[in-house]
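What follows is each chain in one-letter form.
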2 protein chains.
Amino acid sequence: MSVRPKPKRSFWTWGLQADEPTDAQRAAHAAELSVRFDTEIVAPPIPKAEDLKLRKPRLRIPDSLASFCFTDNYERALHSYSADDRAPAVFGQFPSPPDMVAHPRDESELERTLEWCDSNGYVVIPFGGGSSVVGGVTPPEAEAVVTLDMDEFDSVLEIDEISRAARIQAGVFGPHLEDQLRPHGYTLRHYPQSFTGSTLGGWIATRSGGHYATNHTHIDEFVESVRMLTPSGWWESRRLPSSGAGPDPNRLAIGSEGILGVITEAWMRIQRRPVYRATAGVAFPSWEQSYEAARNIVQSKLWPANLRLLDPDLSRDAAGMDGSRALLIIGFESAELPQDWNIKAAVGMARASGGEVPDDEIVIDDGTGRPTGHSGAVGAWRNAFISIDEGLTAGLGLVTGTFETAVTWDAWPALDDHVRDIVGRALNDVCGGGSLNCRFTHVYPDGPAPYYTYAGAYRSGDYAAQQTAIKKAASDAIIEAGGTITHHHAVGRLHRSWYDRERPDLFAQALRAAKKSLDPNSILNPGVLIDP
Amino acid sequence: MSVRPKPKRSFWTWGLQADEPTDAQRAAHAAELSVRFDTEIVAPPIPKAEDLKLRKPRLRIPDSLASFCFTDNYERALHSYSADDRAPAVFGQFPSPPDMVAHPRDESELERTLEWCDSNGYVVIPFGGGSSVVGGVTPPEAEAVVTLDMDEFDSVLEIDEISRAARIQAGVFGPHLEDQLRPHGYTLRHYPQSFTGSTLGGWIATRSGGHYATNHTHIDEFVESVRMLTPSGWWESRRLPSSGAGPDPNRLAIGSEGILGVITEAWMRIQRRPVYRATAGVAFPSWEQSYEAARNIVQSKLWPANLRLLDPDLSRDAAGMDGSRALLIIGFESAELPQDWNIKAAVGMARASGGEVPDDEIVIDDGTGRPTGHSGAVGAWRNAFISIDEGLTAGLGLVTGTFETAVTWDAWPALDDHVRDIVGRALNDVCGGGSLNCRFTHVYPDGPAPYYTYAGAYRSGDYAAQQTAIKKAASDAIIEAGGTITHHHAVGRLHRSWYDRERPDLFAQALRAAKKSLDPNSILNPGVLIDP
């Protein structure tokens, strides 16, 4: 049992250990917050892996798997949480770690691990980056749990330039994937907010939402074929640009969240790196006018790569605007064609809906490399979006979070009203007030994908219960108003009860039957999506 | 037991009874063919329903269902075949008719019919227009077969103009569907070649391919939600523009070909009727250059509505060209925006790949209603495509047919070579020669959807065996060369053995389990897609 030599991820907060804040930085931040909220906030000391008292492993690593399986504190702590339920980690609390973590280095080691778990009835959690915000990789109660970390499957194996597709291993993290495509002039161009800390396999398993705000948004659209190991053997679909042969097998694997199999690789549709770009940030006097503009643009099928809409509060907080106006960020990009016509057409539609943008703030890169989207309100938003400072705030008692959905346009205004009403009340009840803002991350001809961020003012008491109360209010509001419980955060364990109200009962019944046929001993990620 | 009063479809050929050719027209056509092929071809007399000697029904209609269930010759003959296996019909041969045909008028009647069949173990064939070219609605061997014709479910129930979506009953035929949307300024704009004789439910159940040649091509992309009756109860998905909540339930219903349930209605994404149009027909000195152009255009993401490519033989036969050049038909359309820029960009890319089109043959409708696509080679192709004269040629011994696939670009040229080689040889063996041409019906960034048409010179002997020999050669060639057995003709019974080589075995296993959970007595369309 050795310790793994790779660059290490933090076991108590987001990102790499090398990027963790220091105790001093956290103390300084706590002092700032103490002043802001007029109460004493103390930063707990950063936990150390060697000090953790973890439950003893309830299994023994067999010699045949010993070279790639681990039971040390760091490995088990790192795999103890998903991103959403990691709050106790900063306090050194790891009540339910996996009993063993496997890092198979090839398909043979993966097969042997899965067979061993299956024959022993050990629960298996397929694990990519661990960035799930819905408890998707959190060990459930079970007799023994093995987390199967796919990070050794990290290569781009093949590039088919003529078809613009690549065969890519599932455990590769976003930046490393792009590093391997870039020298060839290609990019997957899928940038979920978790990009640096999530993997291709995770994106496929959870139907992640990416870079493109319109048209092909989810990873679903970029999957040409999937290779997946199930307890019953290998599942591999034929590489095809499209087919009409029966229900699409890929669409059963995509979104299966680790309950049907372990994705090992996929043929993915890739892009030529864009050369031409055009961007504009259009300000609107009202939220209503701004979302009408977004609707008109997407219904015209201009298909901008970017069509992000920020409500007035978010435009103020994240894009430096005055708080009275909404901001619609429109962006086009292409490897082949100048995008002047597109941006002008989209801006024309936005202006017709009451939007304002000076001509000289429509930034067009005609292929010469002029930066677009880096200045003004658009640039401010870009920078605000990219930073993640969870390490600084962990354990300081802030009640913050996000939730998201998609809904048809006819139901959208009422959903927005209902969510703001219900979540606003919950923030009042739980935190004595707080903030709630909304943006559109993706926009479809038949409806938007709204994304809400909330932050509660500090109040003492049970932190987890406060988070839960607000999350419950938001989820209830979304389901009541006709939305989906998740547009791109997946179901996992956190969204289960609302998902159960959303999907057809008979689909769950069919999915259970499908799972039982592939995973007869119900070892794969039990409790996610369906009950075993 | 009455005879139904609706406009009647022909029971022995494609289309309505009112459009059937006369015996005299068929005799004249036979005489023409006799000269062309230098052999005597005789047209069998058109069969009459009242003269047919059908197997006695092996069940008795219960009184409770009598008002909408039928056992007369016409109904049973009409539902005896799919379009591909109807050849014996013109000779009055109907060896395997369904025992009863139900035309439920509402969900209650549908429920009662399905329950009655389920409790008696009668096989049920959900039936739309009967235009399947893969035996999808052909009664299999069974103790008793009930065909469930959904043609009374023929209304557009609701239009959501703001979301551009409509709730539509599944049994509506294409023209009647469009008739109901047109007054509101909308269109589904889904025109499979079977449009006049197929239904929304059929399109969804078979993943039909429609009007749009790029981007959103299959009906799949236009389905917002599906309502479906299974033997275990109702399945209805939530109306959503998009979601990331588990595997998409719609994608299990879409393409299920009647084995999981009977689709009764769907919320469909609809379109504003286009106002702006632009079309060009670009000629290429070689087939290779023409498909390179199609690839470049679709990879640039211009997303033309039309991007049909005809090989030199087809360009000669159907578009009046000289036989040395391929024809790429490019079309854009929009309800909101002039399409000049798009067509010029696409034509520019086509010319860069060696294509030729005079500037004055780029036809642009700037919203004033100037006809596009109706003149020259493009217009000739349009007219050739629309006509279907099956009634004239039925039973005259021509060995003709079509097959289609989709394949990634890297594998495409070898697939084309292989198909032409293998099918050419089969035509030689079976017919002593014949013709084979190819077009692209749909084009994707990672590969085309080629569609082949063959016609064998007449030779006496077993007609069905000749058709089967050529179909087998074509299907083998496609699967060997990496294509899908069908891009938009579905699997049915005809494509089963090749589909079995294409889809993951474990997907079939999961689908069988899913079906068993929804249809425990295996009454729904057995033998299609999977074995029970």
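In what follows, the accompanying structure is described. Remember, it's a predicted structure, so these values are computed and weren't measured experimentally.

All names here are of chain A. This model, assessed by the stated rule, comprises 0 disulfides over all chains. Of the cysteine sulfurs around Cys438, a residue in no disulfide, the closest is that of Cys431, at 19 Å. In this structure Cys438 comes out as buried when scored by relative accessible area, which is 0%.

This paragraph deals with the sheet that holds strand E4 (residues 145–149) of chain A. Residues and elements named next belong to chain A. Strand order in this open sheet of 4 strands is E1-E2-E4-E3, and the pairing throughout is mixed. Where the open sheet ends on each side, the last strands, each with one partner, are strand E1 (69–70) and strand E3 (123–127). Examined bridge by bridge, E1 and strand E2 (residues 100–102) share 2 bridges and lie antiparallel to one another. Across the sheet, Phe70 pairs through a bridge with Val101, a residue of E2. Its contacts with the sheet put helix H3 (residues 107–120) on E2, E3 and E4, and the angle it makes with E4 is roughly 165 degrees.

Owing to its 3.6 residues per turn, the α-helix brings residues three or four apart onto one side. All names here are of chain B. Of the positions making up helix H8 (residues 312–319), those classed as buried are Pro312, Leu314, Ser315, Ala318 and Ala319. Around the axis of H8, the buried residues are gathered within 160 degrees of arc, so they sit on the same side. Downstream of H8 by a residue or two, Gly320 has a phi angle that is positive, lying close to 70 degrees.

Another point: the relation of the copies chain B and chain A. Take chain B, turn it by 180 degrees, move it 0.0 Å along the axis, and it overlays chain A with an RMSD of 0.0 Å. Between the two chains, the operation in question is that of a two-fold axis. A shared binding surface is used by both copies, with 99% of the interface residues of chain B retained as interface residues in chain A.

It is common to report an interface's size as the accessible area lost on association of the parts. The interface is formed by 87 residues belonging to chain B together with 86 residues belonging to chain A. Together, the buried faces of chain B and chain A total about 6700 Å²; carbon and sulfur atoms form 59% of this surface. By the criterion of area lost to chain A, the three top residues of chain B are B:Arg238, B:Pro247 and B:Trp341, representing 11% of everything that side buries. Across the contact surface, chain B and chain A share 4 salt bridges. Where A:Arg239 meets B:Asp410, a salt bridge forms, and the shortest distance between an N and an O atom there is 3.5 Å. Linking chain B with chain A are 40 residue pairs in polar contact (both at pLDDT 80 or more), by the criterion used here.

This next bit is on empty space enclosed by the protein. Any empty space left between atoms is shown by rolling a water-sized probe over those atoms. A full pass over the atoms with the stated rule returns 4 cavities of 30 Å³ or more. Looking at the lining of the second largest cavity, the elements with two or more residues in it are strand E8 (223–230) and helix H6 (250–253) of chain A together with helix H14 (496–502) of chain B. Residues of the lining of the second largest cavity, tallied by class, amount to 13 nonpolar, 11 polar and 16 charged.

This part is about the environment of B:Lys516. Residue and element names in this part refer to chain B. Here Lys516 lies in helix H15 (residues 505–518). Judged by its relative accessible area of 47%, Lys516 is partly exposed. Here the alpha-carbon distance between Lys516 and Lys53, two residues 463 residues apart in the chain, equals 36 Å. From its side chain, Lys516 meets the backbone oxygen of Pro520 in a polar contact 3.1 Å long.

What follows concerns the packing of helix H12 (residues 412–431) of chain B against helix H13 (residues 463–480) of chain B. Residues and elements named next belong to chain B. One can describe the packing of H12 onto H13 by two numbers: an axis separation of 9 Å at closest approach and a directional angle of 165 degrees. Taken together, the axes of H12 and H13 lie roughly antiparallel to each other. Note on packing geometry: the crossing formed by H12 with H13 is right-handed. Counted together, Leu415, His418, Val419, Ile422, Val423, Ala426, Leu427, Val430 and Cys431 of H12 and Gln466, Ala469, Ile470, Ala473, Ala474, Ala477, Ile478 and Glu480 of H13 form the full contact between these two elements. Its residues assigned to classes, the contact of H12 with H13 comprises 14 nonpolar, 2 polar and 1 charged.

Below, the discussion takes up the sheet that holds strand E6 (residues 165–169) of chain A. Residue and element names in this part refer to chain A. Pairing in this open sheet of 5 strands is antiparallel, and the strands run E5-E6-E10-E8-E9 from one edge to the other. This sheet does not close on itself; its edge strands, each paired only once, are strand E5 (156–160) and strand E9 (233–236). Between one strand axis and the next, the sheet turns by 10 degrees as a mean value, whatever way the strands run. Together, E5 and E6 form the strand contacts of helix H4 (residues 174–181), whose direction differs from that of E5 by roughly 45 degrees.

Turning our attention to the environment of B:Gly209. All names here are of chain B. With respect to the helices, strands and loops of the structure, Gly209 is situated in the loop between helix H5 (200–206) and strand E8 (223–230). Residue Gly209 is classed as buried on the basis of its relative accessible area, which comes to 6%. As for Gly209 and Ile219, which are separated by 10 residues in sequence, their C-alpha atoms are 6.2 Å apart. Beyond its immediate sequence surroundings of up to four residues, Gly209 is in contact with His190, Pro192, Thr217, His218, His442 and His488.

Counting across every chain of the model gives 33 aromatic pairs over all chains. Taken together, a centroid distance of 5.0 Å and an interplanar angle of 75 degrees make the contact between A:Tyr191 and A:Phe195 edge-to-face. For A:Phe195, a relative accessible area of 15% translates into the label buried. A centroid spacing of 5.8 Å and a plane angle of 90 degrees characterise the contact between A:Phe507 and B:Trp235, whose relative ring orientation is edge-to-face. A residue pair is termed interchain when its members come from two chains, as with A:Phe507 in helix H15 (residues 505–518) and B:Trp235 in strand E9 (residues 233–236). A relative accessible area of 0% places B:Trp235 in the buried class. If you follow B:Lys8 out to its NZ or CZ, it ends over the ring of B:Tyr74, 4.4 Å from the centre.

Quick look at the side chain of A:Asp220 now. Residue and element names in this part refer to chain A. Examined against the element boundaries, Asp220 turns out to sit in the loop between helix H5 (200–206) and E8. For Asp220, a relative accessible area of 5% gives the class buried. If we ignore the near neighbours within four places in the chain, the residues touching Asp220 are Arg207, Arg251 and Ile254.

As a further point, take helix H1 (residues 23–37) of chain A. Residue and element names in this part refer to chain A. Under the 1.5 Å per step criterion, the end-to-end length of H1 is 21 Å for 15 residues, consistent within 8% with the ideal 21 Å. Taken together, the buried positions of H1 are occupied by Arg26, His29, Ala30, Leu33 and Ser34. The buried residues of H1 occupy an angular sector of 150 degrees when projected down its axis, which confines them to one face. Exposed and oriented more than 90 degrees from the buried face of H1 are Ala24 and Val35. In this structure, the buried side of H1 is in contact with helix H11 (390–393).

The rules behind each value
- Counting of residues starts from 1 at the beginning of each chain's written sequence and follows it residue by residue.
- Chains carry letters from A onward and ligands carry numbers from 1 onward, assigned in written order.
- Local features in this predicted model are restricted to residues of pLDDT 70 or higher, and side-chain atom pairs are both shown and tallied only at a pLDDT of 80 or more, whereas totals for entire chains, interfaces and linings draw on every residue.
- Computation of side-chain values: all heavy atoms of the structure, hydrogens and water removed.
- Note on disulfides: each one is a pair of cysteine sulfur atoms within 2.5 Å.
- The classification of residues rests on relative accessible area computed with a 1.4 Å probe and restricted to protein chains. Under 20% of the type maximum is buried, over 50% is exposed, and intermediate values are partly exposed.
- Two strands pair if DSSP finds at least two bridges between them.
- Numbering of helices and strands runs from the N terminus, with a helix taken as a DSSP run of H or I at least four residues long and a strand as a DSSP run of E at least two residues long.
- By definition in these notes, contact holds between two residues if any of their heavy atoms fall within 4.5 Å.
- The axes used here are C-alpha line fits, helices contributing only the stretch in contact, and every angle between their N-to-C directions lies in the interval 0 to 180 degrees.
- By definition, the arc is the one covered by directions from the helix axis to the C-beta atoms.
- A least-squares fit on C-alpha atoms brings the copies together, and the residues used are those whose pLDDT is at least 70 in both copies.
- Two parts lose some accessible area (1.4 Å probe) when they are put together, and adding that loss for both gives the buried area.
- Between Lys or Arg on one side and Asp or Glu on the other, a salt bridge is scored when a side-chain nitrogen of the former is within 4 Å of a carboxyl oxygen of the latter.
- In the analysis that follows, any N or O atom pair within 3.5 Å is treated as a polar contact, provided that within protein one partner can donate a hydrogen and the other can accept it, and provided that, for residues neighboring in sequence, both atoms belong to side chains.
- Only protein atoms enter the 1 Å grid used here. Points where a 1.4 Å probe fits but cannot escape make up a cavity, open sets with protein on both sides within 12 Å along at least five of seven lines make up a pocket, and a residue lines them when an atom lies within 4 Å of a point.
- Grid points are joined across faces, edges and corners, and a volume is the space filled by probe spheres set on the points.
- Classification used: nonpolar for Ala, Val, Leu, Ile, Met, Phe, Trp, Tyr, Cys and Pro, charged for Asp, Glu, Lys and Arg, polar for all others including Gly.
- To sort the angles, those under 35 degrees are grouped as roughly parallel, those over 145 as roughly antiparallel, those from 65 to 115 as roughly perpendicular, and the leftovers as oblique.
- By convention the crossing between two helices is left-handed if the near helix lies anticlockwise of the far one by an angle smaller than a right angle, and right-handed if it lies clockwise.
- Within 6.5 Å between ring centres, the rings of Phe, Tyr and Trp (the latter by its six-membered ring) count as paired, and their orientation is classed by plane angle as stacked under 30 degrees, edge-to-face over 60, tilted in between.
- To sit over a ring, a charge needs its Lys NZ or Arg CZ within 6 Å of the ring centre and within 35 degrees of the ring normal.
- Working rule for helices: expected span equals 1.5 Å times residues minus one.

By themselves, these figures tell us nothing about what the structure is for.
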